[in-house]
Amino acid sequence: MNRPAISVDGLTRRFGRFVAVDGVSFEVSKGEIFGYLGANGAGKSTTIRMLCGLLRPSAGRAVVNGHDVVKHTWEVKRSIGYMSQKFSLYLDLTVQENLQFFAGAYGLRGQLLSQRLEHALELALLTDRRNVLTGALPGGIRQRLALASALLHQPPIVFLDEPTAGVSPDARRAFWRTIRQLAHEGTTLFVTTHTLDEAEHCHRVGLMAEGRLVALDTPAELKRRHVPGALFTLHPAGGRSKELLAKLRQLEGVLEAQPFGHRLHLRIAAERDEAWLASLLEQVGFGEVGFDRTEPTLEDVFLQVAKEGAAATEGR
Amino acid sequence: MKGFLTRVTAITVKEAAHILRDPRVMIFALVLPVLLLLLFGYAISFDVDHIPLVVVDQDQTNASRNLVESFTSGDLFEIKARRSTVDQVEPLFRSGLARAALVIPEEFTRRLAGGREPSVQLLLDGSDNNTATVALGYAGVVALEVSRRQMPTSLSREGAPISAQIRTFFNPGLRSSAFIVPGLTAVILTMIATMLTALTVSREIEQGSMEQLFTTPVSRLEIVVGKVCPYFLLGLVAVLLVLTAGVAMFSVPVAGSLWLLFGVSALFLLAMFIQGLFISVATRRQALASQLAFITTMLPALLLSGFVFPIDNMPWPLQFLARALPPSYFIHAIRAVLLRGNGVEAILRDSLAILLFFGVFLLLTVRRFRRALN
Ligand SMILES: Nc1ncnc2c1ncn2[C@@H]1O[C@H](COP(=O)(O)OP(=O)(O)O)[C@@H](O)[C@H]1O
Ligand SMILES: [Mg+2]
């Protein structure tokens, strides 16, 4: 059976006259890491809260694990784990008390409970600190604990709302290793983030801007489509970069030229190559300028999409 | 059903951990009630004694001195001043130095000797209604006693000497503590019960953990039941403490069954807990919840319960309100058991009324919960 884990159609949420989520549609398949990317206020958390049955959609439909989030909220709740943006375990309880509580809330008891509890402690790397008050743990470890707690009942679908906000780079890498491992085991993960490099870990990325889903694809495809061509970083000698920039922008085959600190970012049509660029620079009297080929990042995609969006809005 | 128990137990255990870890809750639930009982019990005494008295003895004879003596031999009056004219009394009343004045006119002895009715004036400061009433009653008794002693002949004509007797049923010494302790028990239980639970849900909504909880298969009923359980146990301990302290320290007569007393207190506690939870769910904010809890529980428990003001004397809208809220039934029941020694039959109506309140608010709370997050 190949039913999608999450399927969303025209999902909309209004707060008064303000539209926080505006006609969003997408599908997430089983075992996928789905990244939901967008600036603060783009509507990421609002989408998640509708998918978890915490907030009623104003319009549209969402089906999670085969259950409609409005009509069968109960079944949805049994199929999901949720880690909210705001840390919401109890700071005045110990690690073990928190886990025990949520295990009980998920209806676990007896041997199954102790088994899952140990497993969660291992996952959070807190086996030997189970009796520490949660409030005494540093941020990164708290986030791991929150994740472990959301996984206690081994849900097929997990929603993580900015799980790595305020977490050190090391802890962040470890966190993503766990996420990939979970996906590998067949869990579907819906992860929101506003850091672009994290989105590279996702199988597919949806880009949210002002409540709308403006782009959705694999990171590679997003780059190919929105940032086509070859990217280069140029290293002009001090003082002459302005002149070079002006010249480059007038040339045929140059898609985009942007200053970037002392350097220049240049995007040229895909069929051109390094040799072509070298001769081009020679031609305009900048033969001595060195350059490297670079890969586009999702940041480039994001900027590009934002630009396209702004153009579309003006065009309307 | 097994799932229900598992989830309720999980919530109860968690809530108990919060309570045990927060000394403020324990102090609020166990120390404060006894402290309040002591404070209120001694401060709001309805017993009247040591009323400051000014004596205006214009007769200055043995007989008049005897009369003054009889007046002040008990604890009720205490001589604070002596003046020679009646005009000098009012300033003393105004300044609060005296609340009563005994005026013995010049011709007191002469009238007494002549067999004419001697008249004595007792002036009272009517601004303190309670004191005035008691003083007046007492003065009547004293006057009767004095006249009996001093005019045996005139009284013997009517037969046997009259001895004034005041007997109050159910509260032999007319000790106000017997009224205050049940009333205060109600006030204190109301306050701690609603304050404790008013905070628990609003705090979780504010902190965001309620949202987390709502993504689990825990139902609203399970949350409500799970949250009430540990507070209920704590409340029962508080009930025991307050009752024991009240009975021991104010020597309240316990006429009825202590079990019955405990049972009806437990029922009342439940009603107050659910009221607190309802406020918590309805307001969703801690600050507002605690204020509302205070207003909607303390005032009715103090003013609309029959503790201080008899309900039958209230204007009908207040009577209606008083009879819609549990404190009036609880005070009625606790007095019935504690002072009159009544059994279950006598408090059945009260218990049912409290139970009804509990049921209605349980429903309201669970229904209201649905919208608590959106
Ligand atoms: N309960 C609410 N009432 C009113 N406005 C809300 C509510 N929740 C979110 N919003 C608004 O909706 C927009 C999207 O919020 P959110 O989904 O939290 O964004 P994100 O998670 O992408 O940062 C924001 O402008 C926010 O202010
Ligand atoms: Mg958010």
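Residues numbered from 1 in each chain as written. Chains lettered and ligands numbered in written order. Predicted model: local features only at pLDDT ≥ 70, side-chain atom pairs only at ≥ 80, totals over all residues. Heavy atoms only, no water.

**Focus on the overall build of chain B**
Along its length, chain B carries 15 helices and four strands. Here chain B, with 374 residues, has 48% of them falling under the buried criterion. For chain B, contacts bridging at least 24 residues in sequence account for 77% of all contacts bridging at least 6. A total accessible area of about 18,300 Å² is found for chain B, and carbon and sulfur atoms account for 63% of it. (Helix = DSSP H or I, 4+ residues; strand = E, 2+ residues; numbered from the N terminus. Buried < 20%, exposed > 50% of the residue type's maximum accessible area, 1.4 Å probe, protein only. Contact = heavy atoms within 4.5 Å. Areas by Shrake-Rupley, 256 points an atom, 1.4 Å probe, with all protein chains shown as cover.)

**Digging into the coordination of the magnesium ion (ligand 2)**
Residues and elements named next belong to chain A. Protein-derived coordination of the magnesium ion (ligand 2) comes from Ser45 (OG) and Gln85 (OE1), at a distance range of 2.0 to 2.2 Å. Within this pair, whereas Ser45 is found in helix H1 (residues 44–51), its partner Gln85 is found in the loop between strand E6 (80–83) and helix H3 (95–105), the two being separated by 40 residues in sequence. With relative accessibility at 40%, the residue Gln85 sits in the partly exposed group. (Donors = N, O, S within 2.8 Å, 3.2 Å for Na, K, Ca; no water.)

**Some points on the packing of aromatic side chains**
Across all of its chains, the model carries 16 aromatic pairs over all chains by this definition. When the centroid spacing of 6.4 Å and the interplanar angle of 50 degrees are considered together, the rings of B:Tyr231 and B:Phe273 count as tilted. One end of the pair, B:Tyr231, is in helix H10 (residues 220–249); the other, B:Phe273, is in helix H11 (residues 258–283), and 42 residues separate them in sequence. Linked through ring pairs, A:Phe26, A:Phe34, A:Tyr36, A:Phe159 and A:Phe190 together constitute an aromatic cluster. The aromatic ring of A:Phe87 is capped on one face by A:Arg142, whose charged end is 5.7 Å from the ring centroid. One Lys or Arg, B:Lys14, reaches over the ring of A:Phe101 and ends 5.1 Å from the middle of that ring. (Phe/Tyr/Trp six-rings, centres within 6.5 Å; stacked < 30°, edge-to-face > 60°. Lys NZ or Arg CZ within 6 Å of the ring centre and 35° of its normal.)

**Considering the confidence of the model for chain B**
Residue and element names in this part refer to chain B. For chain B, the average pLDDT comes to 80, and 81% of its residues sit at 70 or higher. Counted against residues more than four places away or in other chains, residues 152–174, with its pLDDT under 50, gives 16 contacts. Overall fold confidence for the complex sits at a pTM of 0.77, while the interface term, ipTM, reaches 0.83. (pLDDT = per-residue confidence, 0-100.)

**Focus: the sheet that holds strand E11 (residues 230–235) of chain A**
Residue and element names in this part refer to chain A. With antiparallel pairing, the four strands of this open sheet are ordered in space as E12-E13-E11-E14. Two strands bound the open sheet, and with one partner strand each, they are strand E12 (254–260) and strand E14 (290–294). When the angles between neighbouring strand axes are averaged without regard to direction, this sheet yields 25 degrees. With six bridges joining them, E12 and strand E13 (residues 263–268) adopt antiparallel strand pairing. (Pairing = 2+ DSSP bridges. Axes fitted to C-alpha atoms, helices over the stretch in contact; angles between N-to-C directions.)

**Let's talk about the sheet that holds strand E4 (residues 121–124) of chain B**
Residues and elements named next belong to chain B. Spatial strand order, E2-E1-E3-E4: four strands in an open sheet with mixed pairing. Both outer strands of the open sheet, strand E2 (77–83) and E4, are each paired with one neighbouring strand and no more. Mean inter-strand twist for the sheet, computed between neighbouring axes without regard to direction, equals 25 degrees. Alignment of strand E3 (residues 100–104) against E4, held across four bridges, turns out to be antiparallel. Across the sheet, residue Ala101 finds its bridge partner in E4, namely Leu123. Against the sheet, helix H3 (residues 62–72) makes contact with strand E1 (51–57), E2, E3 and E4, and its axis sits at roughly 160 degrees relative to E3, the strand it touches most.

**Looking at the site of ligand 1**
Residues and elements named next belong to chain A. In the vicinity of ligand 1, the contacting residues are Phe15, Phe18, Ala20, Ala39, Asn40, Gly41, Ala42, Gly43, Lys44, Ser45 and Thr46. Here an oxygen atom of ligand 1 sits 3.0 Å away from a polar atom, N or O, in the main chain of Gly43. Separating an oxygen atom of ligand 1 from a side-chain N or O atom of Ser45 is a distance of 2.7 Å. For ligand 1, whose free accessible area comes to 550 Å², the fraction covered by protein is 62%. Mapped by element, the contributors of at least two residues to the shell around ligand 1 are strand E2 (18–28) and H1. Here the shell around ligand 1 takes three residues from H1, the largest share from any one element. Of the residues that constitute the shell around ligand 1, the class distribution is five nonpolar, five polar and one charged. (Near = heavy atom within 4 Å. Polar contact = N/O pair within 3.5 Å; in protein donor to acceptor, adjacent residues only side chain to side chain. Nonpolar A, V, L, I, M, F, W, Y, C, P; charged D, E, K, R; others polar.)

**Quick notes on the pairing of E2(A)**
With seven bridges joining them, strand E1 (residues 6–15) of chain A and E2(A) adopt antiparallel strand pairing. Bridge pairing links A:Leu11 to A:Val24 in E2(A).

**As for the interface of chain A and chain B**
Listed as interface residues are 29 residues of chain A and, on the opposing side, 26 residues of chain B. Both sides of the chain A and chain B interface together cover about 2,500 Å² of buried area, and 57% of this is carbon and sulfur. At the junction of chain A and chain B, the tally comes to two salt bridges. Between A:Glu97 and B:Arg21 there is a salt bridge, and its shortest N-O distance comes to 2.6 Å. Between chain A and chain B we count 13 residue pairs in polar contact (both at pLDDT 80 or more) in total. Only helix H2 (73–79), E6 and H3 of chain A provide two or more residues apiece to the side of chain A that touches chain B. (Buried area = accessible area lost by both parts, 1.4 Å probe. Salt bridge = Lys/Arg side-chain N within 4 Å of Asp/Glu carboxyl O.)

**Re the side chain of B:Gln275**
By the element assignment, B:Gln275 lies in helix H11. When residues no more than four places from it in sequence are discounted, the contact partners of B:Gln275 are B:Thr194, B:Thr296, B:Thr297, B:Phe357 and B:Phe361.

**Some remarks on helix H10 (residues 274–283) of chain A**
Residue and element names in this part refer to chain A. For H10, every residue scored as buried is listed here: Leu277, Leu280 and Leu281. Looking straight down H10, one finds that the buried residues subtend no more than 95 degrees of arc, so they occupy a single side. The exposed residues of H10 that point more than 90 degrees off its buried face are Ala275, Glu282 and Gln283. Buried residues along H10 sit against E11, helix H9 (241–249), E12, E13 and E14. Phi turns positive one or two residues past the end of H10, at Gly285, with a value near 85 degrees. (Arc of directions from axis to C-beta.)

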